Amino acid sequence: MDISGPNRVIFSFVGWCIWKKEQITLIHDYHYTKVIEKDKKPYTEKMGKACIVMGCGMILTGTVDFITNTFYGWVFFGVCFISGLISMIFTQLKYNGGLF
């Protein structure tokens, strides 16, 4: 699995755009079809933050593995990816009424 280079930064940047710019269209439309207008701000905030957490995990993975030449960076990836994914799932269930 290659999560190298610009992909790490792009993932975090997309999360920032979803959160701060409230660009809900960066999320596939079937994920937000049932989100009501007043919930779009908290929905994009939580989804964007979850995406940023996943991106930070990718950045930490590369940084730690580069500095230490060990496999420990992948622990950061696993923890950040799973916590971001869980956050996204709970946000979907809360604001969209389901995953799809």
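Since this is a predicted model, take the numbers as computed values, not measurements. (Residues numbered from 1 in each chain as written. Predicted model: local features only at pLDDT ≥ 70, side-chain atom pairs only at ≥ 80, totals over all residues. Heavy atoms only, no water.)

1. Section: the packing of helix 2 (residues 40-68) against helix 3 (residues 73-96)
In contact at an axis separation of 7 Å, helix 2 and helix 3 are set at 170° when each is read in the N-to-C sense. In terms of their interaxial angle, helix 2 and helix 3 are classed as roughly antiparallel. Its residues assigned to classes, the contact of helix 2 with helix 3 comprises 18 nonpolar, 8 polar and 3 charged. (Axes fitted to C-alpha atoms, helices over the stretch in contact; angles between N-to-C directions. Helix = DSSP H or I, 4+ residues; strand = E, 2+ residues; numbered from the N terminus. Parallel < 35°, antiparallel > 145°, perpendicular 65-115°, else oblique. Nonpolar A, V, L, I, M, F, W, Y, C, P; charged D, E, K, R; others polar.)

2. A short note on the side chain of Thr61
Following the sequence through the fold, Thr61 ends up in helix 2. Within the structure, the side chain of Thr61 is placed 3.1 Å from the backbone oxygen of Gly73, a separation counted as a polar contact. (Polar contact = N/O pair within 3.5 Å; in protein donor to acceptor, adjacent residues only side chain to side chain.)

3. Here's the deal with the pattern of salt bridges
In total, this model carries 3 salt bridges according to the counting rule given. One salt bridge in this structure joins Lys40 and Glu37, with 3.5 Å as the shortest N-O distance. Lys40 gets classed as partly exposed once you look at its relative accessible area, which sits at 24%. Judged by relative accessible area, which is 62%, Glu37 ranks as exposed. (Salt bridge = Lys/Arg side-chain N within 4 Å of Asp/Glu carboxyl O. Buried < 20%, exposed > 50% of the residue type's maximum accessible area, 1.4 Å probe, protein only.)

4. Some remarks on a nonpolar patch on the surface
A cluster of nonpolar side chains, namely Tyr30, Phe81, Ile82, Leu85, Ile86, Ile89, Phe90, Leu93, Leu99 and Phe100, defines an oily patch on the protein surface of about 930 Å² accessible area. Following the sequence through the fold, Phe81 ends up in helix 3. (Patch = residues over 30% accessible without salt bridge, like charges linked within 9 Å, V, L, I, M, F, W, Y side chains within 5 Å. Areas by Shrake-Rupley, 256 points an atom, 1.4 Å probe, with all protein chains shown as cover.)

5. Quick notes on the environment of Ile86
Residue position: Ile86 is located in helix 3. Given the relative accessible area of 42%, Ile86 is considered partly exposed. For Ile86 and Ile59, which are 27 residues apart along the polypeptide, the C-alpha to C-alpha distance reads 19 Å.

6. Examining helix 3
Residues that lie three or four places apart on an α-helix share one face, since the helix turns once every 3.6 residues. The terminal C-alpha atoms of helix 3 lie 34 Å apart, and with 24 residues this matches the ideal 34 Å at 1.5 Å per residue to within 8%. All of the buried residues along helix 3 are Gly73, Phe77, Cys80, Gly84, Met88, Thr91, Gln92, Tyr95 and Asn96. At its buried positions, helix 3 is contacted by helix 2. One or two positions beyond helix 3, positive phi appears at Gly97, with a value near 80°. (Expected span 1.5 Å × (residues − 1). Contact = heavy atoms within 4.5 Å.)

7. Digging into the packing of aromatic side chains
This structure, assessed with the given rule, holds 5 aromatic pairs. Seen in terms of ring centroids, Phe13 and Trp16 are 6.0 Å apart; in terms of plane orientation they differ by 25°. Their pairing is stacked. You can see Phe13 and its partner Trp16 sitting in helix 1 (residues 6-20), 3 residues apart, about one turn around the helix. Note on Phe13: relative accessible area 48%, which makes it partly exposed. Aromatic ring contacts, followed pair by pair, group Phe71, Trp74, Phe77 and Phe81 into a single cluster. Here Lys20 stacks its cationic end above the ring of Trp19, 4.4 Å away from the centre of that ring. (Phe/Tyr/Trp six-rings, centres within 6.5 Å; stacked < 30°, edge-to-face > 60°. Lys NZ or Arg CZ within 6 Å of the ring centre and 35° of its normal.)

What is shown is where atoms sit, not what they do.
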